Amino acid sequence: MRYTKTEAGQRALKDRSVPLTPRQRSAFILFDGRRTLAEVLSATSGLGVTMPDVDHLVELGLLATQQDAAQMPQAAAVAAAPATTDASGLALPQQRYQNAYPIATRLTASLGLRGFRLNLAVEAAADYHQLEDLVPRIRAAVGEEKCLPLERALRGLTD
């Protein structure tokens, strides 16, 4: 079976809007419509990628079989997009993570080699709470002022 990235998957790969573990991201990148499922699982077996990881990518709407991708209307993909706010209008933790992750990676990447391990920790943070736990380390490394946009994004505040 061959999987390919959906429109939503292409966007998520580009803007990292969907939190994926490093191993899921590695497998996701390899799905190009040419490689079979067995080839991708074999290539990523050293990383620990398993069929549940692939199933998760399919459930998120990031991957589809080639036949399904050709038949899937774009409107259905938009309708399948998860809600980003709760009933009170506040951003859900997953949306806060999606907003804060690029800020955190930019801040830690700006530290160069001295921030390498912190940058790896940010990239390994797979959800809101893991990223939030790194804020004190990021604040200590970049300073209070530079860390404010990250803290605002984690609280769901927008400018």
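Look a little higher up for the structure.
Description of the structure in this document. (Residues numbered from 1 in each chain as written. Predicted model: local features only at pLDDT ≥ 70, side-chain atom pairs only at ≥ 80, totals over all residues. Heavy atoms only, no water.)

Two side chains carrying opposite charge are able to pair once their charged atoms lie near each other. Counting across every chain of the model gives five salt bridges. Put simply, Asp 53 and Arg 23 hold a salt bridge, and the shortest N to O gap is 3.1 Å. In this pair, Asp 53 is assigned in helix 4 (residues 51-59) and Arg 23 in helix 2 (residues 22-30), connecting sequence segments 30 residues apart. Taking the relative accessible area as the measure of exposure, Asp 53 reaches 6% and is therefore buried. As a salt-bridge pair, Glu 144 and Arg 139 come within 3.7 Å of each other at their nearest N and O atoms. Owing to a relative accessible area of 49%, Glu 144 belongs among the partly exposed residues under this scheme. (Salt bridge = Lys/Arg side-chain N within 4 Å of Asp/Glu carboxyl O. Helix = DSSP H or I, 4+ residues; strand = E, 2+ residues; numbered from the N terminus. Buried < 20%, exposed > 50% of the residue type's maximum accessible area, 1.4 Å probe, protein only.)

On to the nonpolar core. Among the nonpolar cores identified, the biggest contains 20 residues, and Val 122, Leu 131, Ile 138, Leu 150 and Leu 154 are the most heavily contacted of them. Elements with a minimum of two residues in this core: helix 7 (93-109), helix 8 (116-124), helix 9 (128-133), helix 10 (135-142) and helix 11 (144-155). Looking at this core element by element, the count peaks at six residues for helix 7. Residues contacting Leu 131, with those up to four places away along its chain left out, are Tyr 97, Ala 100, Tyr 101, Ala 104, Val 122, Ala 125 and Leu 154. (Core = buried A, V, L, I, M, F, W, Y, C linked by side-chain atoms within 4.5 Å. Contact = heavy atoms within 4.5 Å.)

Here we come to helix 11. The first and last C-alpha atoms of helix 11 sit 16 Å apart over twelve residues, in line with the 16 Å expected at 1.5 Å per residue. Buried within helix 11 we find Cys 147, Leu 150, Glu 151, Ala 153 and Leu 154. Along helix 11, the residues classed as buried sweep out an arc of 160° about the axis, all on the same side. Gly 156 sits one or two positions beyond helix 11 and adopts a positive phi of about 85°. (Expected span 1.5 Å × (residues − 1). Arc of directions from axis to C-beta.)

Another aspect to go through is the packing of helix 2 against helix 4. Packing of helix 2 against helix 4 leaves a shortest axis separation of 10 Å and a crossing angle of 75°. In terms of orientation, helix 2 lies roughly perpendicular with respect to helix 4. The segment helix 2 lies against helix 4, with Arg 23, Gln 24 and Phe 28 engaging Asp 53, His 56 and Leu 57. (Axes fitted to C-alpha atoms, helices over the stretch in contact; angles between N-to-C directions. Parallel < 35°, antiparallel > 145°, perpendicular 65-115°, else oblique.)

Our next topic: the packing of helix 7 against helix 8. Contact geometry for helix 7 and helix 8: axes closest at 8 Å, N-to-C directions at 165°. Viewed along their axes, helix 7 and helix 8 adopt a mutual orientation that is roughly antiparallel. In terms of crossing hand, the pair formed by helix 7 and helix 8 is left-handed. Contacts between helix 7 and helix 8 involve Tyr 101, Ala 104, Thr 105, Thr 108 and Ala 109 from the first element and Leu 118, Asn 119, Val 122 and Glu 123 from the second. Across the contact of helix 7 with helix 8, the residue classes break down as five nonpolar, three polar and one charged. (Left-handed = near helix turned anticlockwise from the far one by under 90°. Nonpolar A, V, L, I, M, F, W, Y, C, P; charged D, E, K, R; others polar.)

We now examine the side chain of Arg 25. Mapped onto the secondary structure, Arg 25 falls in helix 2. For the buried residue Arg 25, which engages in no salt bridge, the nearest side chain bearing the opposite charge is Glu 123, 7.7 Å off. Contact partners of Arg 25, with chain neighbours within four places excluded, come to Leu 13, Arg 16 and Leu 20. (Lys, Arg positive; Asp, Glu negative; His and termini not counted.)

This is a description of form; function is not addressed.
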